[in-house]
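Topology and contacts: notes
Residue strings, one per chain:
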Amino acid sequence: MDKGIEEHEETRPKTPKRAKGKPGAKPRWTSGAKTLVGTAASSRSRIWYTIGNGILNEIYFPDVDQANTRSVRFLVTDASGFFSDEEWDATHEVQWLETGIPSCKIQTRCKLGKYTLEKEIITDPIRDTLMMRIHFRPSVPGLRLYLFVDVHMGDRGADNSAWVGTYKGEKLLIAIRGRTCLAAMSKPPLLESSCGYIGKSDGFTLLSHHQPLPESDVAMDGNVAITGEIDYAASEGKFIVSLACGSHPAEAAQQARAGVLQDFDTTRELFARHWKDDQEKYDDVADLSGEPLDMYRVSTAVLETHQSKRFPGGFVASLSLPWGFARSDDDVGGYHVLWPRDAVETAMGKLASGDAGSARSTLFYLTCTQDEHGGWSQNMWLDGTAHWGAIQMDGMALPILLADKLRREQALDGYDPAPMVRRASRFLLQHGPFTQQDRWETMPGYSPYTMAAEVAALLAAADFEETGGELSKAEFLRSTADAWNDSIDEFTYVEGTALAKKHTIDGYYVRMMPPERVSVETGEGLTLKMPNQPAGSKIHRATDIVSPDAIALVRFGLRSAADPRITNTVKLLDATLKRDTKTGPVWTRSTRDGYGEKVDGSPFDKSGVGRGWPLLAGERAHYEIAAGNVDFALELLKTMARQTSSCGMIPEQVWDAKDIPEKLLFNGHPTGSGMPLAWAHSEYIKLLRSLHSKKVWDMPPQPVQRYQVERTTCPFQIWTPDQQRGWIDSGKDLRVDLSEAASVAWVVDGKSSVEETVDSGLGIHFAIVPTKTLWGVASVDCTVRFAAQSRKNKDISFTVRVR
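Residues numbered from 1 in each chain as written. Predicted model: local features only at pLDDT ≥ 70, side-chain atom pairs only at ≥ 80, totals over all residues. Heavy atoms only, no water.

A word on the pairing of strand β4 (residues 69-77)
Keep this limit in mind: Throughout, exposure labels follow a simple rule: accessible area from a 1.4 Å probe, protein chains only, divided by the maximum for the residue type, with under 20% read as buried, over 50% as exposed, and the rest as partly exposed. Each helix is a run of DSSP H or I of at least 4 residues and each strand a run of E of at least 2, with the numbering of both proceeding from the N terminus. Between any two strands, pairing holds if DSSP finds at least two bridges.
Burial analysis of β4 places eight of its nine residues in the buried class, the great majority of the element. Bridging between β4 and strand β10 (residues 144-151) involves eight bridges; their strand directions are antiparallel. Considered in β10, the bridge of L75 is made with Y146. Strand direction decides the pairing type here: β4 and strand β5 (residues 83-85), joined by three bridges, are antiparallel. By the bridge assignment for β5, T77 is matched with F83. Adjacent in sequence and paired antiparallel, β4 and β5 are bridged by five residues, among which G81 carries a positive phi angle near 105 degrees.

Considering the pairing of strand β16 (residues 224-230)
When you tally the buried positions in β16, you get seven out of seven residues, the bulk of the element. Alternating residues of β16 divide into V224, I226, G228 and I230 and A225, T227 and E229, and every residue in both groups is buried. As defined by bridge partners, β10 adjoins β16 across six bridges and the pair is classed as antiparallel. Pairing of D150 across the sheet is with A225, part of β16. With five bridges joining them, strand β14 (residues 193-197) and β16 adopt antiparallel strand pairing. Paired with S194 across the bridge in β16 is T227.

Details of the sheet that holds strand β32 (residues 765-769)
Heads up, the condition is: Note on contacts: a residue pair is in contact if any heavy atoms of the two residues lie within 4.5 Å. Lines fitted to C-alpha atoms define the axes here, with helix axes fitted over just the stretch in contact, and angles between the N-to-C directions of these axes take values from 0 to 180 degrees.
Pairing is mixed across the open sheet formed by four strands, whose spatial order is β26-β28-β32-β31. If you trace the sheet from one side to the other, it starts and ends with β26 (716-719) and β31 (758-759), each paired once. Relative to β32, β31 runs antiparallel, the two being bridged by two bridges. Bridged to D759 within β32 is H765. Packing against the sheet, helix α10 (residues 471-492) makes contact with β26, β28 (733-738) and β32, and its axis sits at approximately 90 degrees to β26.

Quick word on the packing of aromatic side chains
To keep it simple, the criterion reads: Under the pairing criterion, centres of Phe, Tyr and Trp rings, with the six-membered ring standing for Trp, must be within 6.5 Å; the plane angle then separates stacked pairs below 30 degrees from edge-to-face pairs above 60, leaving the rest tilted.
Going through the model one piece at a time under the given rule, you end up with 19 aromatic pairs. The interplanar angle of 75 degrees and the centroid separation of 4.7 Å between the aromatic rings of F136 and Y232 together place this pair among those described as edge-to-face. With F136 in strand β9 (residues 129-138) and Y232 in the loop between β16 and β17 (238-246), this residue pair connects regions lying 96 residues apart in the sequence. Across this residue pair, the class does not change: F136 and Y232 are buried. Summarising the aromatic geometry, the rings of F311 and Y365 are spaced 5.4 Å apart at their centres and angled 85 degrees between planes, so their arrangement reads as edge-to-face. One end of the pair, F311, is in the loop between α4 (295-305) and α5 (340-352); the other, Y365, is in helix α6 (residues 356-369), with 54 residues separating them in the sequence. The class for F311 is partly exposed, based on a relative accessible area of 29%. By relative accessible area, Y365 is classed as buried at 1%.

Here we look at the packing of α5 against helix α7 (residues 393-408)
What counts, and what does not: These descriptions rest on fixed angle ranges, namely under 35 degrees for roughly parallel, over 145 for roughly antiparallel, 65 to 115 for roughly perpendicular, and the rest for oblique. Helix crossings fall into two classes, left-handed where the near helix is turned counterclockwise from the far one by less than a right angle and right-handed where it is turned clockwise. Only Asp, Glu, Lys and Arg are considered charged in this grouping, and only Ala, Val, Leu, Ile, Met, Phe, Trp, Tyr, Cys and Pro are considered nonpolar; every other residue, Gly among them, is considered polar.
The contact between α5 and α7 brings their axes to 8 Å, and the two run at 20 degrees. With respect to α7, the element α5 is oriented roughly parallel. The interaxial crossing formed by α5 with α7 has left-handed handedness. On the side of α5, the interface is formed by P340, R341, V344, E345, A347, M348 and L351, while α7 contributes D394, G395, L398, P399, L401, L402, K405 and L406. Classifying every residue of the contact of α5 with α7 by side-chain character gives 10 nonpolar, one polar and four charged.

Regarding the confidence of the model for the protein chain
The following threshold applies: pLDDT measures how confident the predictor is about each residue, on a scale from 0 to 100.
In the predicted model, the protein chain carries a mean pLDDT of 92, and 94% of its residues have values of at least 70. Counting contacts from residues 517-540, a segment whose pLDDT is below 50, to residues more than four positions away or on other chains yields 56 contacts.

Comments concerning the sheet that holds strand β34 (residues 796-802)
With mixed pairing, five strands are arranged side by side in an open sheet as β27-β34-β33-β29-β30. Edge positions in the open sheet fall to β27 (727-728) and β30 (751-756), since each of these has one partner strand only. One ladder, built from six bridges, connects strand β33 (residues 779-786) with β34; its direction is antiparallel. Following the sheet pairing, V784 is matched in β34 by I796.

Quick word on the pattern of salt bridges
Stated formally: Here, a salt bridge means any side-chain nitrogen of Lys or Arg that lies within 4 Å of a carboxyl oxygen of Asp or Glu.
Considering all chains together, one arrives at 58 salt bridges under this definition. With a closest N to O distance of 2.8 Å, D128 and R46 form a salt bridge. Placement of D128 in the loop between β8 (115-123) and β9 and of R46 in the loop between β1 (36-39) and β2 (48-52) is noted, with a sequence separation of 82 residues between them. Classification of D128 by relative accessible area gives buried; the value is 7%. Judged by relative accessible area, R46 falls into the partly exposed class, the value being 24%. One salt bridge in this structure joins R268 and D265, with 3.7 Å as the shortest N-O distance. With R268 and D265 both in helix α3 (residues 264-279), this residue pair falls three residues apart, about one helical turn.

Okay, here's the thing in structure tokens:
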């Protein structure tokens, strides 16, 4: 008996015959472009599924962050050498059973006209079971039909095991890795069945080469698949396939058996009733897309489908793995992990639809996964374990804005997020406004988007402190926000460049300004030291790289849509990043963006050509609403709706070049990246709310009041050890921000003075160097001496020029 199978006596084969070809080909996933995603509305069912290119792709269990299959599809053969894979050798039509209820009917037609397959797919609301009701109609005699399951248990294609066994006397197929197991059964029962190693002895490989299934019923520790022949003739072509999961084979087998024994119509009715009840909790917002599908109800269902059932409020970014067919186990995770940034955006969409409870659950989830330093990992698994450990500063700011929006909507329902807000604001103060990664996870520097989010978050955090009676902390947060707001133009707006002259504008906001820049006007270096920057290192000048991110300055309320610096930037964005497609305009993420398919349509593999994002059309629509151009904003919403899958899934990217049919790339339609993108569906919901009210629904009011109405500026500029300002403007004091108590001494024109730092109570100790009266003075020499009892920081000397 094979090691690892002997303990599973209830389901194992009695005299196992081992498959050949171990371990099989290198594992791969499948396209990230999903036609539909679904799950039961009930939390008792822990199964999620995706549909792509007419077949069932990933089955997720026990939560929304773990995929267990690559594909589940049907193969058709005959004795004369005919072979048909329903995914590639047939055409497909996928339809919702009912809009807003994520189950589907799939009509599959053989390209040679030899058969049709009709499939209905649901998940059992009270079990960990997925059920398919299928009607196979052969148009020629002698066809044989096979169920083929390419398993990737526990998010990995390697180290899987499978066998053909029985449960309570009924044949089933089992796949397992670790503590996750999948079982497949059919009604009528499966006929000839086998398991093998992908590319070597699996059913697909052998049947496609007109070879019979091998007599192998065990394949251990490899990239494996399971195959079983369907006895469709015994039931006039109608049969049930049940796929179920559990923590061990007998549990999965029991769940699978339930799927073939219960009545499909009764289960489907319960599935639909639960989803109709779920849809009742949303506000009745009229869709404005003009499309046959109600994209509002599609979007509310998509957002709900991306939520954890074991920890409500945990929303993954997408039930997809972008370009998964080019990804292996080394790329584990894909988009079915949680970005704090995306989770907040999803929660905002939930709140915009009237589901304050889910938005509040996200806030609580983020509180429970907040690190001790006050931030979050760039992305993480649902249990809070870091996946990518980088620092993404907008992901630190947005949870504060979610808390503030719930507070202003009076939707906190007794929950107090103030402790989480304080910890997050401490992190922002200690590390901002510099960002190690921008919101697209690419490069460090100073970003208009990130700085806008940080400033808005500090002002929101100040309101929480003021409500709690912490007036000095509130004032410190607001004054820091003022200083950062003042520095946005200083750090990220450029004038007089070749790009500005080419497009006849005075200047524009760049996507990301590296920590060292050169003044266009004087050629003099204006240094902002990057953390851990090697001495004398050369930093790429990014003054010719622009991004739609800059319009976040309007979305977050820091700038008016009519501000000339904004309108200059928008003109440049349209001239350089806008792509007109057959379904409407889109914008790419930035100049020289490399995240997307290559020119020939081959998948992104760490290099490619950036494509247009429907999400960015939604963000641009919000800018247009702020600018008073509501009609244009409505057209952009309609564009988003036209660029979806046939079932309304909004993609991450759309193809913006000539059609490449053999790679399923069509102008104005989804690429093989992630689809659906939960953030994009959230943006759609928020855009609907904004269009109905003719104002930006999620614009925070504090920056609008402070910077557009009151026009508040800051009397000082900030120096920190990690972000060493090399200059200060005349008329401004210098605030020195440190992580611990110290004394700050300075010398001006031969005269010296010293001051002890003040503890802000928010992780920053600061001292004000009075430089605002130093007109015409060349420089100020400063020395920081840390407290004697703490020597983790060394004394620092630096010089700041007054200009």
